[in-house]
Amino acid sequence: MHSVDTAPVEIPKDRRRWTQIVDSIKKAIFILGTTCVFIIAASNSITWHLQRIWGASGNLWQNTWNRIYLAFGENDLLIGLFGTYALSMSVFWIANFFLLIMEITKWPQFLTKYKIQEDPITEKHKPMLKKTLQVVVFNQTVIGIPFMVLTYYLFEWRGCAFHGELPTFHWFLLELTVFSLVEELGFYYSHRMMHHRNLYSYIHKRHHEWTAPIGIISLYAHPIEHIISNLLPPILGPLLMKSHLCSIWVWFTIALLSTTISHCGYHFPLLPSPEAHDYHHKMFINNFGVLGILDRLHGTDLNFRASKAYQRHVLLLGLTPLSQQIPDSPSKKSE
């Protein structure tokens with residue numbers, strides 16, 4: 001068992017609420033501001049060249065996309081349905097194959113020091129791992145394929161482009177910002193709903209069987225949860241923006257890698273920190289969102305912010321694991 005002091009620091013309620021709102025606004029401004037900086041920088045040579053590389057007629061990316069579209073017989077259904085499904089499966093399994101090899105073989109050994117929790121996969125976990133793989137494949141096929149068909153027709157209905165000219169680099173940056181914020185809304189509230197006492201034991205409990213998460217459990221969920229929390233939030237932004245399929249493919253790749261990293265159980269150098277969601281699996285509380293904006297707004301990150309895990313929730317720029325730089329207090333380690 002993990003012993004932890006779950007009582008947050010006492011702060012006057014009105015002041016704490018105001019602080020949460022301000023912090024949430026700061027997070028949103030940071031995300032929007034970062035995009036604005038890129039857009040404002042359009043006049044400098046770096047961004048100008050990026051724009052030319054991304055979207056100018058005859059450039060590498062446009063020609064590459066034209067060739068991809070041609071490879072699918074210039075058929076919107078084939079590229080929109082089968083192409084998108086093949087991309088999603090490839091991204092997920094290439095990333096998670098490497099992580100599974102690490103978990104099972106402890107190789108390469110020099111990377112195992114970045115493990116967040118000290119609970120390795122042992123013989124007793126193998127039946128659970130087999131069950132997890134079966135559920136993930138079920139969700140990707142029996143649930144995922146019909147949902148992908150529906151998604152294709154929704155994209156077509158909204159007028160999303162499957163071929164033709166790519167969006168400009170600046171528009172693509174704006175799209176990514178909108179996609180991220182819309183996913184934050186969809187995932188936070190659906191995830192928090194899954195923790196309601198009337199739903200948790202029937203639906204979300206399956207996902208929390210892994211208190212020390214590994215990459216593939218990002219899709220280890222009840223079918224209802226998989227649809228509402230995993231599949232639906234990422235498609236809402238592209239539907240809203242009527243995005244080009246190329247933008248959608250890039251976004252789906254980012255979303256799949258992001259959720260894999262969040263669940264991988266390792267805080268690797270130069271990769272986004274998974275500490276927040278790892279803490280959620282360890283303690284079953286706090287950190288219901290992706291970006292942390294709504295957790296700050298609703299105060300569902302107070303315990304996390306009072307923990308050592310929060311101090312480690314940064315981009316690791318060196319080679320020394322943050323678990324060594326900022327170790328847990330002895331009283332809060334697993335007995």
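Shown above is the structure to which this text applies.
Residues numbered from 1 in each chain as written. Predicted model: local features only at pLDDT ≥ 70, side-chain atom pairs only at ≥ 80, totals over all residues. Heavy atoms only, no water.

Caption draft 1: Main features of helix α10 (residues 275–283). With nine of nine residues buried, α10 lies mostly within the body of the structure. All of the buried residues along α10 are E275, A276, H277, D278, Y279, H280, H281, K282 and M283. Buried residues in α10 make contact with α6 (169–194), α9 (245–263), α12 (302–305) and α13 (308–311). Just downstream of α10, F284 is the residue with a positive phi angle, here 70 degrees. (Buried < 20%, exposed > 50% of the residue type's maximum accessible area, 1.4 Å probe, protein only. Helix = DSSP H or I, 4+ residues; strand = E, 2+ residues; numbered from the N terminus. Contact = heavy atoms within 4.5 Å.)

Caption draft 2: Region of interest: helix α4 (residues 76–105). Along its 30 residues, α4 runs 42 Å from first to last C-alpha, staying within 8% of the 44 Å computed at 1.5 Å per residue. Helix geometry: α4 is bent most strongly at G83, by close to 30 degrees. Of the residues that open α4, the one with a side-chain oxygen 2.9 Å from the backbone nitrogen of L77 is N75. Where α4 ends, the next residue or the one after it, K106, has phi of about 60 degrees, a positive value. (Expected span 1.5 Å × (residues − 1). Bend = angle between axes of the 7 residues up to and from the residue. Polar contact = N/O pair within 3.5 Å; in protein donor to acceptor, adjacent residues only side chain to side chain.)

Caption draft 3: A look at the nonpolar core. The biggest cluster of nonpolar side chains holds 26 residues, and the ones touching the most others in it are W65, I79, F155 and L245. For this core, the elements supplying multiple residues, two or more each, are α3 (60–71), α5 (126–158), α6, α8 (223–241) and α9. Looking at this core element by element, the count peaks at seven residues for α9. Beyond its immediate stretch of four places on either side in the chain, W65 contacts I79, F162, H163, G164, L166, H244, L245, C246 and W249. In terms of nonpolar packing, the next biggest core, distinct from the first, is built from 14 residues, V91, L100, V135 and L256 among them. (Core = buried A, V, L, I, M, F, W, Y, C linked by side-chain atoms within 4.5 Å.)

Caption draft 4: Region of interest: empty space enclosed by the protein. Counting across every chain of the model gives one cavity of 30 Å³ or more. Of the volumes computed, that of the largest cavity is approximately 50 Å³. For the largest cavity, the full set of lining residues is K113, Y114, K115, I116, H267, E275, R312, P321, L322 and S323. When grouped by side-chain class, the residues that make up the lining of the largest cavity number four nonpolar, two polar and four charged. (1 Å grid on protein atoms, 1.4 Å probe; cavity = no way out; pocket = protein on both sides within 12 Å on 5 of 7 lines; lining within 4 Å. Points joined across faces, edges and corners; volume = space filled by probe spheres on them. Nonpolar A, V, L, I, M, F, W, Y, C, P; charged D, E, K, R; others polar.)

Caption draft 5: Quick look at the packing of aromatic side chains. One pass over the full model with this rule turns up eleven aromatic pairs. Residues W65 and W249 carry aromatic rings whose centres are separated by 5.0 Å and whose planes lie at 75 degrees to one another, so their mutual orientation is edge-to-face. Residue W65 is located in helix α3, and its partner W249 is located in helix α9; the two are separated by 184 residues in the primary sequence. A residue is classified by how much of its surface remains accessible, and W65, at 4% relative accessible area, is buried. An aromatic cluster is present here, built from Y114, Y266 and F268 joined pairwise through their rings. (Phe/Tyr/Trp six-rings, centres within 6.5 Å; stacked < 30°, edge-to-face > 60°.)

Interpretation note: all reported values are geometric properties and have no functional meaning in isolation.
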